[in-house]
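Survey of secondary and tertiary structure
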Amino acid sequence: MGEHSVHSNTDQKKRAEFIGHLLDDIKALEIMLEQNLIENDIIRIGAEQEFCLINSNWRPAKNALEILKNLNDPHFTTEIAKYNLEINMDPLELKTNCFSKVEDELKRLLAKAKEEAGHLDTKILLTGILPTIRKRHLELEYMTPNPRYKILNDMLRSQRGTDFELHIRGVDDLSIHHESVLFEACNTSFQMHLQIPPQDFVSSYNWAQAISGPILGISTNSPLLFGRELWSETRIALFRQSLDIRRASNALKDQEARVSFNNHWASGSVVEIFKNDIVQHKVMLSRDIEANSLSELKKGNIPKLSALTLHNGTVYRWNRPCYGVGGGKAHVRIENRYIPSGPTILDEVANFAFWVGIMKGRPSKFDDMVNCMDFRDAKGNFIKAARMGKDAILQWMGRSISVQDLVIQELLPIAYKGLAKVGIDEEDQKRLLQIIENRAKGITAAEWDVRNYRFLRKKMKKDDALRALTKTIYQNQQNGSAAHQWPMLKTIPKMDNKATLVGHIMSSQLFTVDEFDLANLATSIMKWKNIHHVPVESKSGKLCGLLTWTHVRKIQEQGGNEDGQIVSDIMTKEVITIQPKTTINEAIQIMKKHEIGCLPVVQKQDLVGIITIKDVIAFDHGKNL
């Protein structure tokens, strides 16, 4: 999330001052390009590693700040949620064994995090989306108490004007709304940086856009969210929608999302990309800036362009242009933001080498992508790859080809040439790119997740299956082998019964009826599905009653007949409800006290599940595990 010393734009004077600095930063960058003040004689790489913190129950922990304090290492920083942390790695010159050095540094820093987390009974996990995240983990109590996060949340919420909405359609469907940007916290990524010579920036940037689809397709590992099987890389849809402040209206407006792939090839210079982002996206955050960039240039200093950097950090391009200063020299780079975290360090470094190899091995015929490929094909490929992974059929230079074939037939040869061109050790070339080839011919982490989750769901309830999957991913990560080598589950992992809250064992697949439905229809549904409890909803979709088979039978025994009656005539109107975060023991006591066999589960007046005496008995005897 970058700079933390920020403030909102409610102070118009401060906002005006910040925008003045932003415009001066653009002018300063133009001058620096004209005067060749941007470094162009060396290429460096860098990375940011986001990771999850999980407790002994394989669920999200919330002790990131305590772990960060104990780490006492500037490489580590916070993320928006208390169950995530990030590592900012040291930049390295692109040569010889730099990828082995990246791998070694990741191992060292993650081992350090693992040790400190272990003192607090916490584990670390590399994965694009943590399988055990539930909606309650997106409440504000899980937001890291940092002014930047709160301000960003308030500003985005204010500009949107309504709750954030999420609609993703895959094998399963997910449609949900939420009051904060914490949907974004579900995502963890491995962000890769490649320094680019300024004179080649636009050609490199367009090439990065063109290859995004196939690289994403071969790297997917996030097919699950809230136990729903969605996209092969669900992060792409989730991140885009979690920060979407565009409002629906009766007018058709071509407004770009804050998280975007863009709508056209870049042109001009890197400055034009930054200008377009200022045009397209409102200034969300500002900060006090002491040194004016133009004044610094006149003094012979290299400016940090703090205003431009802050604004750029609130525009979430999947390939993001970045400006930075290191060792007193300015540089520009491309940040690849679409690759998920994990599933192993080895997989991540292989992805890194593959991307850099293709970037540096770009054939000269692709220097001008405008005349090679329709931009909408590049954008369409990205979405297809996110949905379907390596089985997606892409449009590549006028022909249809699968991700699998494109990677093996064309992109891997380019990657080998690119790595050789910059002097990467031959041993590292073969070791890392062989992982990509084996993955293309075999299985991606996303496919592994789906197959094993389906296996677990045949024997386990959803929450237990997600915990078992998370445990298995963690165990496989400890072995260090790349994900395409992970074995398939053939037996159910042994799990401790660690469910403590109603949300862990409730049924979320609900049969409901409307209060104005015919009573005969409702009782027929109960008979057909052999269910004894059916929640009743009002026209607005709120819980307003409950049908229980015991209550229906009493009416029938008293000579009542459902013919002509509606549900509201026979339902129980005084319904006792609980919340997902109610403890299971508390739910048991409520059932005993009121001598009832079920409890509807509501969250902010919305019905989200139901827990019955059968669920409690199964939990009590450990039958779900």
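It should be noted that the structure appears before, not after, this text.
A brief structural summary. (Residues numbered from 1 in each chain as written. Predicted model: local features only at pLDDT ≥ 70, side-chain atom pairs only at ≥ 80, totals over all residues. Heavy atoms only, no water.)

Some details on the overall build of the protein
For the protein, the count of helices and strands is 21 helices and 21 strands. Relative to the compact-globule value of 25 Å for 625 residues, the protein shows a C-alpha radius of gyration of 27 Å, a close match. Here the protein holds 625 residues, and 58% of them are scored as buried. At a minimum sequence separation of 6, the contacts of the protein that also span at least 24 residues come to 74%. (Helix = DSSP H or I, 4+ residues; strand = E, 2+ residues; numbered from the N terminus. Rg over C-alpha atoms; globule rule 2.2 N^0.38 Å. Buried < 20%, exposed > 50% of the residue type's maximum accessible area, 1.4 Å probe, protein only. Contact = heavy atoms within 4.5 Å.)

A short note on the side chain of threonine 78
On the secondary structure map, threonine 78 appears in strand S2 (residues 76–78). Under the relative-accessibility criterion, threonine 78 is labelled buried at 8%. Engagement of the side chain of threonine 78 in a polar contact is seen with the side chain of tyrosine 149, the distance being 2.8 Å. (Polar contact = N/O pair within 3.5 Å; in protein donor to acceptor, adjacent residues only side chain to side chain.)

Things to note about the nonpolar core
Formed by 164 residues in total, the largest nonpolar core has its most connected members in Phe99, Phe354 and Trp355. If one sorts the elements of this core by residue count, helix H10 (residues 345–360) sits on top with 11 residues. If sequence neighbours within four positions are ignored, tryptophan 355 has contacts with Met192, His193, Leu194, Ile211, Ile215, Ile334, Asn336 and Tyr338. (Core = buried A, V, L, I, M, F, W, Y, C linked by side-chain atoms within 4.5 Å.)

A short note on the sheet that holds strand S19 (residues 543–548)
By definition, the strands of a sheet pair up through backbone hydrogen bonds, in either a parallel or an antiparallel sense. Taken together, the 3 strands give an open sheet; going across it, the order is S17-S18-S19, and neighbouring strands pair in mixed fashion. Both edges of this open sheet fall to strand S17 (513–514) and S19, since each of them pairs with a single strand only. Alignment of strand S18 (residues 533–537) against S19, held across 5 bridges, turns out to be antiparallel. Bridge pairing links valine 536 to glycine 545 in S19. (Pairing = 2+ DSSP bridges.)

A word on the packing of H10 against helix H13 (residues 426–441)
At a minimum axis distance of 8 Å, the contact between H10 and H13 shows a crossing angle of 100°. Judged by the angle between their axes, H10 and H13 are roughly perpendicular. On the side of H10, the interface is formed by Leu346, Asp347, Val349, Ala350, Asn351, Ala353 and Phe354, while H13 contributes Arg431, Leu432, Leu433, Ile435, Ile436 and Arg439. Taken together, the residues that form the contact of H10 with H13 break down as 9 nonpolar, 1 polar and 3 charged. (Axes fitted to C-alpha atoms, helices over the stretch in contact; angles between N-to-C directions. Parallel < 35°, antiparallel > 145°, perpendicular 65-115°, else oblique. Nonpolar A, V, L, I, M, F, W, Y, C, P; charged D, E, K, R; others polar.)

Regarding helix H5 (residues 201–217)
Across its 17 residues, H5 extends 24 Å between first and last C-alpha, which sits within 8% of the 24 Å expected from 1.5 Å per residue. Residue isoleucine 211 marks the point of greatest curvature in H5, where the axis turns by about 45°; the proline proline 214 follows within four residues. Across the 17 residues of H5, 16 count as buried, placing the element largely inside the fold. (Expected span 1.5 Å × (residues − 1). Bend = angle between axes of the 7 residues up to and from the residue.)

Thoughts on the environment of valine 534
Structurally, valine 534 is set in strand S18. On the basis of relative accessible area, valine 534 is assigned to the buried category, the value being 1%. Note: C-alpha distance between valine 534 and threonine 548 (14 residues apart in sequence) is 6.5 Å.

Topic: the environment of lysine 101
As for its placement among the helices and strands, lysine 101 is situated in helix H3 (residues 98–118). Taking the relative accessible area as the measure of exposure, lysine 101 reaches 43% and is therefore partly exposed. The spatial distance from the C-alpha of lysine 101 to the C-alpha of methionine 495 is 37 Å, given a sequence separation of 394 residues.

Looking at the environment of asparagine 319
The residue asparagine 319 is located in strand S13 (residues 319–326) in this model. In this structure asparagine 319 comes out as buried when scored by relative accessible area, which is 0%. Separated by 58 residues in sequence, asparagine 319 and aspartate 377 place their C-alpha atoms 16 Å apart. Setting aside residues no more than four positions away along its own chain, asparagine 319 makes contact with Tyr205, Ala208, Gln209, Ser212, Phe261, Ile334, Glu335, Asn336 and Tyr338.

Brief notes about the pairing of strand S8 (residues 190–196)
When you tally the buried positions in S8, you get 7 out of 7 residues, the bulk of the element. Both faces of S8 are covered, namely the face carrying Phe190, Met192, Leu194 and Ile196 and the face carrying Gln191, His193 and Gln195. Pairing geometry for strand S1 (residues 44–54) and S8, over 5 bridges, is antiparallel. Paired with alanine 47 across the two strands is methionine 192, which belongs to S8. Here S8 runs beside strand S14 (residues 329–336); their pairing, made up of 5 bridges, is antiparallel. If you follow isoleucine 196 over to S14, its bridge partner there is valine 332.

Considerations on the pattern of salt bridges
What the rule picks out here adds up to 30 salt bridges. As a salt-bridge pair, glutamate 103 and lysine 107 come within 3.6 Å of each other at their nearest N and O atoms. Taken together, the positions of glutamate 103 and lysine 107, both in helix H3 and 4 residues apart, correspond to about one turn of that helix. Under the relative-accessibility criterion, glutamate 103 is labelled buried at 7%. The salt bridge partner of glutamate 233 is arginine 235, with a shortest N-O separation of 2.9 Å. (Salt bridge = Lys/Arg side-chain N within 4 Å of Asp/Glu carboxyl O.)

Focus on the packing of aromatic side chains
The description of an aromatic ring pair uses the distance of the two centres, along with the angle that the planes make with each other. Evaluation of the coordinates by the stated rule reveals 17 aromatic pairs. The interplanar angle of 90° and the centroid separation of 6.5 Å between the aromatic rings of phenylalanine 51 and phenylalanine 76 together place this pair among those described as edge-to-face. Of the two residues, phenylalanine 51 is situated in strand S1 and phenylalanine 76 in strand S2; the sequence distance between them amounts to 25 residues. The pair formed by phenylalanine 51 and phenylalanine 76 is uniform in burial state, with each residue classed as buried. (Phe/Tyr/Trp six-rings, centres within 6.5 Å; stacked < 30°, edge-to-face > 60°.)

So, the side chain of aspartate 463
Along the chain, aspartate 463 turns up in helix H15 (residues 462–479). A polar contact of 3.0 Å, which involves the side chain of aspartate 463, links it to the side chain of arginine 134. For aspartate 463, the contacting residues outside a window of four places in its chain are Arg59, Arg134 and His504.

Brief notes about unusual backbone geometry
In the segment running from glycine 342 into proline 343, the intervening peptide bond is cis, with an omega of 0°. Even without being glycine, glutamate 595 reaches a positive phi, approximately 50°. Among the structural elements, glutamate 595 can be located in the loop between helix H20 (584–594) and strand S20 (598–603).

Quick notes on the pairing of strand S7 (residues 173–178)
Residue alternation in S7 divides its side chains into a buried set, Leu174, Ile176 and His178, and an unburied set, Asp173, Ser175 and His177. Bridge count between strand S6 (residues 164–169) and S7: 6 bridges; the pairing is antiparallel. Looking at S7, one finds that phenylalanine 164 is bridged to histidine 178. Once S6 ends, the chain turns through 3 residues before running back antiparallel as S7.

Shape is all these values report; function is a separate question.
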